[in-house]
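Notes for the structure review
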Amino acid sequence: METLTATQPEANNSSAKQRSLKFRHASALTKLMDERQDLRGVHVFADFVDDSVRWSA
């Protein structure tokens with residue numbers, strides 16, 4: 001039982017780090033796509049993320 005409580009904060013910290021990293025990457029991608037319109041259409045997933053962020057705002 002004690003090992004579960006010892007690893008639980010680590011799991012919460014890890015998932016918080018992952019969410020933060022995903023947010024930073026999405027923000028950076030959106031900023032890049034704003035600055036460089038010529039990149040639109042180069043990578044389908046980048047376009048998808050950029051559009052998703054815009055629609056969720």
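Scroll up a little and you will see the structure.
Because the structure is a prediction, the values reported are computed rather than measured.

**Concerning the pattern of salt bridges**
Overall, the coordinates contain 4 salt bridges when judged by the stated rule. Salt-bridge contacts for R36 lead to D38; the nearest nitrogen and oxygen are separated by 2.9 Å. Judged by relative accessible area, which is 38%, R36 ranks as partly exposed. In this structure, R40 engages D50 in a salt bridge whose closest nitrogen and oxygen atoms are separated by 2.5 Å. Remark: D50 occurs in helix α2 (residues 44-56) and R40 occurs in the loop between α1 (2-35) and α2; sequence separation between them is 10 residues. Take R40: its relative accessible area is 35%, and that puts it in the partly exposed class. Here the residues in one salt-bridge network are R40, D47, D50 and D51, joined through shared partners.

**What to know about the environment of S52**
Mapped onto the fold, S52 is located in helix α2. Within the structure, the side chain of S52 is placed 2.8 Å from the backbone oxygen of F48, a separation counted as a polar contact.

**Here's the deal with the nonpolar core**
Proteins that are soluble and globular tend to have nonpolar side chains buried together. With 5 residues, the main nonpolar core is built from A26, L29, M33, A46 and V49. Breaking this core down by element, the ones donating at least two residues are α1 and α2. It is α1 that provides the largest number of residues to this core, a total of 3 residues. Non-local contacts of M33, meaning those with residues more than four positions away in its chain, are made with L39, R40, D47 and D50.

Analysis parameters
- Residues numbered from 1 in each chain as written.
- Predicted model: local features only at pLDDT ≥ 70, side-chain atom pairs only at ≥ 80, totals over all residues.
- Heavy atoms only, no water.
- Salt bridge = Lys/Arg side-chain N within 4 Å of Asp/Glu carboxyl O.
- Buried < 20%, exposed > 50% of the residue type's maximum accessible area, 1.4 Å probe, protein only.
- Helix = DSSP H or I, 4+ residues; strand = E, 2+ residues; numbered from the N terminus.
- Polar contact = N/O pair within 3.5 Å; in protein donor to acceptor, adjacent residues only side chain to side chain.
- Core = buried A, V, L, I, M, F, W, Y, C linked by side-chain atoms within 4.5 Å.
- Contact = heavy atoms within 4.5 Å.

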